[in-house]
Amino acid sequence: MQEVAVILVSSVLINNYVLVQFLGLCPFMGVSKKLESAIGMSAATTFVLTLTAMVSYVVDRAVLIPLELEYLRTISFIMVIAAVVQFTKMFIEKTSPLLYRVLGVFLPLITTNCAVLGVALQNAAKPLSFAHASLYGFGAGAGFSLVLILFSAMRERLAAADIPQPFEGAAIAMITAGLMSLAFMGFGGLV
Amino acid sequence: MLDFIIQQPIIAALVALAGLGIIFGALLGFAAEKFKIEGDPVIEQIDELLPQTQCGQCGFPGCRPYAESIANGDEINKCPPGGQSTINAIANLLDVPAPELDQEHGQEAEVKSVAYIREAECIGCTKCIQACPVDAILGAAKLMHTVIVDECTGCDLCVEPCPVDCIDMLPVEAGIKEWQWPAPPLPNGLIASDKTHNDSNHEDAA
């Protein structure tokens, strides 16, 4: 139980993929303009991250390691991610066509979200059990969701705020992201 | 067999990647079949928001064809019977800014109205029956016609074809069921001081 808590805290807060390891910044900036689409994107990415962590673990332990093909990790994990994203796309298109419209191009772009590949590769480098690897993937997704939703809520407020002209638009968003990153670095000594 | 594959690293790599590719391909093919989409579900949702008058004032033969056209990127402000509230609802659904009603397609009716046939003057020509998009006019050739009030959408299309001009559009009396509280006045800002604060800033910039 304690291990579960440690894995979750470390992947959500301490090693947050977006703000501490700087992976997956593209959707972080791209889909954070509206809270609603940010929530949809978070759910989709968390789903993809968890599923990818599971599938890539199986692929790694069942295929790549027995055949001594560890050098093929990157390409096979990308294949796993592409398949999982494609599956998620079909699933969302069927269950929530509106979310599908709102997410638009960012849904297939989860494929190129380096946080997803990062989780798969880091999991492969560590001696984890299957349950811990999936939990790690879910934690990474929860951390991504946390910062994306916080950030989009702030950007919605920033859109209505009285910002000095040189800082309007992307500039203030970058500054905000930087300050959030500083704040998350502060979790560093937690565990 | 396995030993042979492991001893030949290139063959092992090829077999592993091809095998993974085939497995994922098969899974995706299965998922594509399972999550197959029939038609575009967004069309249904737009169609539900449209007033279903089937009046054709948008230039399409009915509400559903217009909904299909909107889903394919047409303007959403071509529906006078729905008026601004329908435009706002569709804009909200599709997550786009809400435009004003396009006056080219007609004006939003101030109050809801229904057609009324002055039955004494009706000559039974059936022309209004053919014009009615929702089949709300009852009658037969050379017999008096009348309007089923509950079915009439108030689209005006029967007024024009009537040769003796015996059709009137009567406003529907607002009864106790239709009455609503008046909407609260629109706020100028989040709080009263917001407005003066912003105004003074614009003056500074100027």
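Once that is clear, we can look at the overall build of chain B. A tally of regular secondary structure across chain B gives 7 helices and 4 strands. Across chain B, helices and strands are ordered from the amino to the carboxyl terminus as α-α-α-α-α-β-α-β-β-β-α. For chain B, the residues scored as buried account for 19% of the 206 residues in total. Restricting to contacts in chain B with at least 6 residues of sequence separation, those with at least 24 account for 56%.

What follows is about the overall build of chain A. Helices and strands together make up the secondary structure of chain A, namely 8 helices and 0 strands. Taken from the N to the C terminus, the helices and strands of chain A come in the order α-α-α-α-α-α-α-α. Across the 191 residues that make up chain A, the buried fraction comes to 41%. For chain A, restricting intrachain contacts to residue pairs at least 6 apart in sequence, the fraction spanning at least 24 positions comes to 80%.

Opposite the 19 residues of chain B that make contact, chain A presents 20 residues. Of all the elements in the fold, those that place two or more residues in the side of chain B that touches chain A are α2 (9-34), α3 (41-49) and α7 (192-205) of chain B. A class-by-class count of the residues in the side of chain B that touches chain A yields 15 nonpolar, 3 polar and 1 charged.

Before going further, it helps to examine the confidence of the model for chain B. Residues and elements named next belong to chain B. Counting all residues, the mean pLDDT for chain B is 80, and 86% of those residues have values of 70 or more. Per-residue pLDDT, averaged within each element of chain B, yields its smallest value for α7 (48) and its largest for strand β3 (residues 146-147) (90). Ignoring residues within four places in sequence, the model shows residues 197-206, a span with pLDDT below 50, making 2 contacts including any to other chains. With a pTM of 0.61, the predicted complex shows an ipTM of 0.74.

A separate point is the nonpolar core. Residue and element names in this part refer to chain A. Ranked by internal contacts, the top residues of the largest apolar core, which has 51 residues, are Val18, Val48, Ala53, Val84, Ala115, Val116 and Val119. Listing elements by their share of this core, those giving two or more residues are α1 (2-14), α3 (35-64), α4 (73-95), α5 (97-103), α6 (114-125), α7 (130-160) and α8 (170-185). Considering every element that reaches this core, the biggest residue donor is α3, with 12 residues. When neighbours within four sequence positions are excluded, Val84 is seen to be in contact with Val48, Leu51, Thr52 and Val55.

Residue and element names in this part refer to chain B. Positioned with a positive phi, Lys142 is a non-glycine residue whose angle comes to about 65°. Looking at the element boundaries, Lys142 is found in the loop between β2 (137-138) and β3. For Lys142, a count of 9 C-beta atoms within 10 Å corresponds to the exposed category. One non-glycine residue with positive phi stands out, namely Asp156, at about 75°.

What follows is about the environment of Thr176 of chain A. All names here are of chain A. Relative to the elements of secondary structure, Thr176 occurs in helix α8. Note on Thr176: 17 C-beta atoms within 10 Å, which makes it partly exposed. Between the C-alpha atom of Thr176 and that of Arg155, which follows or precedes it by 21 residues, the distance is 8.6 Å. Setting aside residues up to four positions removed in sequence, Thr176 forms contacts with Phe151, Met154 and Leu158.

Once that is clear, we can look at the environment of Ile78 of chain A. Along the polypeptide, Ile78 of chain A turns up in helix α4. Spatially, the C-alpha atom of Ile78 of chain A lies 10.0 Å from that of Cys114 of chain A, the residues being 36 residues apart in sequence.

Residues and elements named next belong to chain A. Contact geometry for α7 and α8: axes closest at 11 Å, N-to-C directions at 140°. In terms of axis orientation, α7 runs oblique to α8. The interaxial crossing formed by α7 with α8 has right-handed handedness. Between α7 and α8, the contacting residues are Val147, Phe151, Met154, Arg155 and Leu158 on the first element and Ile172, Ala173, Thr176, Ala177 and Met180 on the second.

Next up on the list: helix α5 (residues 83-94) of chain B. The terminal C-alpha atoms of α5 of chain B, which comprises 12 residues, lie 17 Å apart, in line with the 16 Å expected from a rise of 1.5 Å per residue. Among the residues trailing α5 of chain B, Asp95 of chain B stands out with phi positive, at a value near 65°.

This brings us to the environment of Ala140 of chain B. Residue and element names in this part refer to chain B. For Ala140, the location among the structural elements is in the loop between β2 and β3. Using a count of 10 C-beta atoms within 10 Å as the deciding quantity, one classes Ala140 as exposed. Between the C-alpha atoms of Ala140 and Gly124, which are 16 residues apart in sequence, the distance is 6.7 Å.

Thresholds, definitions, all that
- Residues numbered from 1 in each chain as written.
- Chains lettered and ligands numbered in written order.
- Predicted model: local features only at pLDDT ≥ 70, side-chain atom pairs only at ≥ 80, totals over all residues.
- Helix = DSSP H or I, 4+ residues; strand = E, 2+ residues; numbered from the N terminus.
- Buried ≥ 20, exposed ≤ 12 C-beta atoms within 10 Å, placed from the backbone.
- Contact = placed C-beta atoms within 7 Å.
- Nonpolar A, V, L, I, M, F, W, Y, C, P; charged D, E, K, R; others polar.
- pLDDT = per-residue confidence, 0-100.
- Core = buried A, V, L, I, M, F, W, Y, C linked by C-beta atoms within 7 Å.
- Axes fitted to C-alpha atoms, helices over the stretch in contact; angles between N-to-C directions.
- Parallel < 35°, antiparallel > 145°, perpendicular 65-115°, else oblique.
- Left-handed = near helix turned anticlockwise from the far one by under 90°.
- Expected span 1.5 Å × (residues − 1).

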